[in-house]
Structure formats: C-alpha cells, structure tokens
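Geometric and topological summary
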Amino acid sequence: MPETSPVLKPVLEVSGLTVAFGATTAVREVSLTAAAGTVTGILGANGAGKTTTLLGVLGLVPRRAGTVAFDGRDVTALETGALVRAGIALCPENRRLFPSMSIEDNLLLGAYGHGRKVRRARLDRTYERFAWLRDRAAEPAGRLSGGQQQAVAIARALMSEPRLVLLDEPSSGLSPVAVDEIGELLAGIAADGTAMLLVEQNVKLVQRLCSTAYVLSHGRVTASGPVADLLRDDAVSDAYLGKAG
Ligand SMILES: Nc1ncnc2c1ncn2[C@@H]1O[C@H](COP(=O)(O)OP(=O)(O)OP(=O)(O)O)[C@@H](O)[C@H]1O
Ligand SMILES: [Mg+2]
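Everything quoted here is computed from the prediction, not taken from an experiment.

1. Looking at the site of ligand 1
- Residues in contact with ligand 1 amount to 14 residues; listed here are only the nearest, Asn46, Gly47, Lys50, Thr52 and Glu93.
- Residue Asn46 places a side-chain N or O atom 2.5 Å away from an oxygen atom belonging to ligand 1.
- The contact in question runs from an oxygen atom of ligand 1 to an N or O atom on the backbone of Gly49, over 2.9 Å.
- When ligand 1 is considered free in solution it has 630 Å² of accessible area, and contact with the protein chains removes 60% of it.
- When residues in the shell around ligand 1 are grouped by element, the largest group, three residues, is from helix H1 (residues 50-57).
- When grouped by side-chain class, the residues that make up the shell around ligand 1 number four nonpolar, six polar and four charged.

Quick look at the structure:
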C-alpha cells in the first residue's frame, strides 16, 4: 500500500467564529487553521474583520458563536490570560508599545505574571535573538525607529514563549527595508517551529512568508488556499488590495 503523506496537525483550529459589537456583526462563521512552523495569512480590505478575528481567537472581543481548539484541546471557554499561558501571543495592530517606558520594561510586559527568575531567563533568550536590544535595553522604546519598535513588539510577544503568535499588520508604516527585516525575523521564528497567523496588506511580505491564506470580506472567509492561487484571482486581488491599491 502506498504511504500517505503525514498530515500536519494544526496548532490552532477555529470553527464558526462569530463576533458582534452590538448590532454590528464584524466576523461571521470564520473557520481557519494554523500549523506549527508555518505562517498563515489573513487578507482583506479595510474593515473586513481581520483584527476582530485575531482578537476573537484570544477572547478579547465578545464571541457570539464558534469554537477555538489549541493543540487539539477545546479552549473556547478559557479566558484570555489562560490562553496566553497556554501558548498564544498577540502582536497587536499599531504595535502598542509604551513609548516612554524602557525597552526592557516593554519586553517584560510579555512575561507578565511570571516570577523574577523566569522573566530574567526569557529576557536573556530575547537578547540572544535580538542582540542589538541588549545595549539599548534602558532606552525609552519611543526612541527607536518604526522597524525597531516593531521588532520589540514581536520580541515582547515571544516573551510568553508562545507556540502560536497572532500578528496584526507588522509591516504597517514601515519602509521597504524595514519590512524586509521584519520578514526575515518572522521567517526565523517560523523556522523554529512556531505557528503564526499573519494579518497583512503587504503583498510581498505575504508572498514571502505565507504558503496559505484566508481572504476575509465583510467578516466572512470568501476564499482560502495557497497564496499563489489566491493572488491570481482578480476578485481576491481587489479585496486584498483594497487599502494599498
Ligand atoms: N470595538 C468595536 N466596536 C464596534 N465596532 C467595531 C469594533 N471593532 C471593530 N469594529 C467594526 O468591525 C468591523 C471589522 O473591523 P476590524 O478592525 O476587524 O477590521 P480590519 O479588517 O482589521 O480592518 P483594518 O484593515 O482597517 O485594520 C468594522 O466594521 C469595524 O468598524
Ligand atoms: Mg485591523
């Protein structure tokens, strides 16, 4: 009998996620998966529901329906703190650093709730990956360039030692060179086996990092599959390039 190829078990399985703000349903019956060591894209125009989908995974917005499974376990009922401890981290839209706080204190927020020893060990691991941060650790985060601030936001997310990182438009507002650097950083994190869900409007970054993606339109998944196939589709390109185009 021919051997069948092993199926990558998804780290994250979202099924039928629906999120509403009062009378506005921002996300409708969204189902998606993300696997270890891969970057899965979430594409869509302004207001399509991309951010709400990420926040919905973490329970940061009111879910009306749907289930979330992480590592094969139903975690729908867990609150956000428990989901973070289970291994899901968010690198939020607009980075959300505290500009007047030191870089190190910003990083430490990513390991909130852990004891001194654990936080110190995680900082040391962070400075191994981001060597340039060690010398600048005491500087206010707001003094860094946009690209450097994005790197700190990603480093802060990694401080919880996640198995899944939710990234919301990390290229936003960055120069092409800085976007390339962020791309390299994210590729390295994926290569370490971390799963990522990447909301992005930068086509080049999506092509570089994502093998598969989901397209959201008015809160629904309207297409999904290999990125190369999606970008060949005019309707998808129109939706996807809604902001950039
Ligand atoms: N806290 C909120 N209260 C009310 N409506 C909201 C809230 N957050 C988002 N929405 C609405 O939900 C819809 C989806 O918003 P969301 O921020 O998820 O879109 P997005 O795809 O991330 O857009 P963008 O590309 O601009 O970041 C929009 O119509 C938005 O106005
Ligand atoms: Mg958004």
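2. Quick look at the pairing of strand E1 (residues 10-21)
- Buried residues dominate E1, accounting for nine of its twelve residues.
- Strand direction decides the pairing type here: E1 and strand E4 (residues 63-70), joined by six bridges, are antiparallel. Residue pairing in the sheet places Glu13 in a bridge with Ala69 of E4.

3. Description of the coordination of the magnesium ion (ligand 2)
- The protein atoms that coordinate the magnesium ion (ligand 2) are Thr51 (OG1) and Glu93 (OE), at distances of 2.0 to 2.4 Å. A residue pair is termed long-range when its members are at least 10 positions apart, and Thr51 in helix H1 and Glu93 in the loop between strand E6 (88-91) and helix H3 (103-109) qualify at 42 residues.
- Residue Glu93 is classed as partly exposed on the basis of its relative accessible area of 28%.

4. Re the domain arrangement of the protein chain
- Splitting the protein chain by domain gives domain 1 (9-87 + 163-245) and domain 2 (97-161).
- Averaged C-alpha coordinates put domain 1 and domain 2 at centres separated by 24 Å.
- Between the two partners, domain 1 and domain 2, sit one salt bridge.
- For Arg129, the salt bridge identified is with Asp192, shortest N-O distance 2.5 Å.
- Listed by contribution, the elements that provide at least two residues to the side of domain 1 that touches domain 2 are strand E7 (164-168) and helix H7 (176-191).
- Top contributing element to the side of domain 1 that touches domain 2 by residue count: H7, with six residues.

Reading the values: the criteria
- Residues numbered from 1 in each chain as written.
- Chains lettered and ligands numbered in written order.
- Predicted model: local features only at pLDDT ≥ 70, side-chain atom pairs only at ≥ 80, totals over all residues.
- Heavy atoms only, no water.
- Near = heavy atom within 4 Å.
- Polar contact = N/O pair within 3.5 Å; in protein donor to acceptor, adjacent residues only side chain to side chain.
- Areas by Shrake-Rupley, 256 points an atom, 1.4 Å probe, with all protein chains shown as cover.
- Helix = DSSP H or I, 4+ residues; strand = E, 2+ residues; numbered from the N terminus.
- Nonpolar A, V, L, I, M, F, W, Y, C, P; charged D, E, K, R; others polar.
- Buried < 20%, exposed > 50% of the residue type's maximum accessible area, 1.4 Å probe, protein only.
- Pairing = 2+ DSSP bridges.
- Donors = N, O, S within 2.8 Å, 3.2 Å for Na, K, Ca; no water.
- Domains from an automatic or database assignment.
- Salt bridge = Lys/Arg side-chain N within 4 Å of Asp/Glu carboxyl O.

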